[in-house]
Amino acid sequence: MFIHSIFHRKSQKPAANRMGFALRTVRPARKDAGPLLKNIPGVREKCVGTDRLYFAVRSLGVQGRDHVLQYAFADDRGNVVMSAFVRSEAPSALLLGCPAEDLAMEPLDPEAFDFIAAKLCGGATLVAYQRVLQGGLLPFGAARSAAGVECAWRRFQQTARALGLSYSPRDPLTLNDCLSLAGLPVPISEDAALRALAIRSLWRWMDEVD
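A few points on the structure. (Residues numbered from 1 in each chain as written. Predicted model: local features only at pLDDT ≥ 70, side-chain atom pairs only at ≥ 80, totals over all residues. Heavy atoms only, no water.)

Okay, the nonpolar core next. In this structure, F55, Y71, F73, F113, L126 and L138 are the most contacted members of the largest nonpolar core, which totals 25 residues. Breaking this core down by element, the ones donating at least two residues are β1 (52-63), β2 (66-75), β3 (80-88), α5 (110-121), β4 (125-128) and α7 (140-145). Here L126 is in contact with L53, F55, C121, L138, A146, G148, V149 and E150, once residues within four sequence places are set aside. (Core = buried A, V, L, I, M, F, W, Y, C linked by side-chain atoms within 4.5 Å. Buried < 20%, exposed > 50% of the residue type's maximum accessible area, 1.4 Å probe, protein only. Helix = DSSP H or I, 4+ residues; strand = E, 2+ residues; numbered from the N terminus. Contact = heavy atoms within 4.5 Å.)

We now examine helix α10 (residues 192-209). The first and last C-alpha atoms of α10 sit 26 Å apart over 18 residues, in line with the 26 Å expected at 1.5 Å per residue. Along α10, the residues that are buried comprise A192, A193, R195, A196, A198, I199, R200, L202, W203, W205 and M206. For α10, the side-chain oxygen to backbone nitrogen distance between the N-cap and A193 is 3.0 Å, and the N-cap itself is D191. (Expected span 1.5 Å × (residues − 1). Polar contact = N/O pair within 3.5 Å; in protein donor to acceptor, adjacent residues only side chain to side chain.)

This model, assessed by the stated rule, comprises 0 disulfides. Residue C151 stays outside any disulfide, its sulfur separated by 9.5 Å from that of C178, the closest cysteine. Judged by its relative accessible area of 12%, C151 is buried. (Disulfide = S-S within 2.5 Å.)

Another aspect to go through is the pattern of salt bridges. What the rule picks out here adds up to 8 salt bridges. Here D76 ties to R52 by a salt bridge, and the two come within 4.0 Å at their closest N and O atoms. You can see D76 sitting in the loop between β2 and β3 and its partner R52 sitting in strand β1, a full 24 residues away along the chain. Of the residues examined, D76 reaches a relative accessible area of 11% and is grouped as buried. Connected via shared salt-bridge partners are R52, D76, E150 and R204. (Salt bridge = Lys/Arg side-chain N within 4 Å of Asp/Glu carboxyl O.)

Let us look at the packing of aromatic side chains. Counting across every chain of the model gives 3 aromatic pairs. Ring centres of F55 and F73 lie 5.8 Å apart, and the angle between their planes is 25°; on these two criteria the pair is classed as stacked. Note that F55 is positioned in strand β1 and F73 in strand β2, a separation of 18 residues in sequence. With respect to burial, F55 and F73 carry one shared label: buried. (Phe/Tyr/Trp six-rings, centres within 6.5 Å; stacked < 30°, edge-to-face > 60°.)

This paragraph deals with the pairing of β2. Remark: a regular strand shows side chains that alternate across the two faces of the sheet. Buried residues dominate β2, accounting for 10 of its 10 residues. Of the two faces of β2, the one lined by D66, V68, Q70, A72 and A74 and the one lined by H67, L69, Y71, F73 and D75 are each fully buried. Where β1 and β2 come together, 10 bridges link them in antiparallel fashion. Bridge pairing in β2 places A56 opposite A72. Pairing of β2 with β3 involves 8 bridges; the strand directions are antiparallel. Opposite L69, over in β3, you have V86 as the bridge partner. (Pairing = 2+ DSSP bridges.)

Right, let's talk about the pairing of β1 for a bit. Within β1, 10 of the 12 residues are buried, which leaves the element mostly enclosed by the surrounding structure. Note: β1 against β4, 3 bridges, orientation parallel. What sits directly across from L53, in β4, is L126.

Read these as spatial facts, not as claims about activity.
Structural data, given as structure tokens:
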């Protein structure tokens with residue numbers, strides 16, 4: 001699926017086969033989104049420094065018959081403006097996933113998270129590491145309200161060639177690979193919030209050297 005299809009398709013949950021491939025390694029008791037939005041002052045107006053948001057999605061495993069995902073968004077100021085655990089249906093997760101780790105909070109209902117993410121991403125340009133795979137896991141409301149999705153992975157390949165950075169084209173470049181080649185710190189864990197901040201660091205480094 002190409003990214004333009006994300007913004008012109010009918011509302012639907014991410015395909016299970018894409019989710020398994022993108023995450024390699026998604027639904028709680030329904031919660032009302034209204035009170036949750038009160039904890040995000042002004043939603044995006046007050047917490048985002050620019051019109052760009054860096055995001056990452058990771059798998060936390062299987063809980064019951066659901067796949068639990070962590071979504072995290074960071075702004076250009078280096079603020080983690082949201083990190084949330086969300087349940088999503090993923091039949092393949094029952095075969096491929098591992099039990100979800102103990103969570104400090106009950107994961108959000110997909111519909112509640114979709115409403116919050118749509119408000120957060122409204123009008124923003126989203127930046128992901130591997131646009132199609134990660135972008136395909138965005139809830140429909142967030143994908144529809146965002147101005148677009150850019151790919152740090154693709155941009156880094158172009159930047160690396162221009163700078164003459166040496167890497168093997170046969171092996172897929174991970175985010176940690178790119179950070180190391182750029183001389184930037186590597187996240188100490190796979191936490192989505194740390195990865196979103198790392199994508200921001202990589203993107204801003206490319207702004208400086210391009």
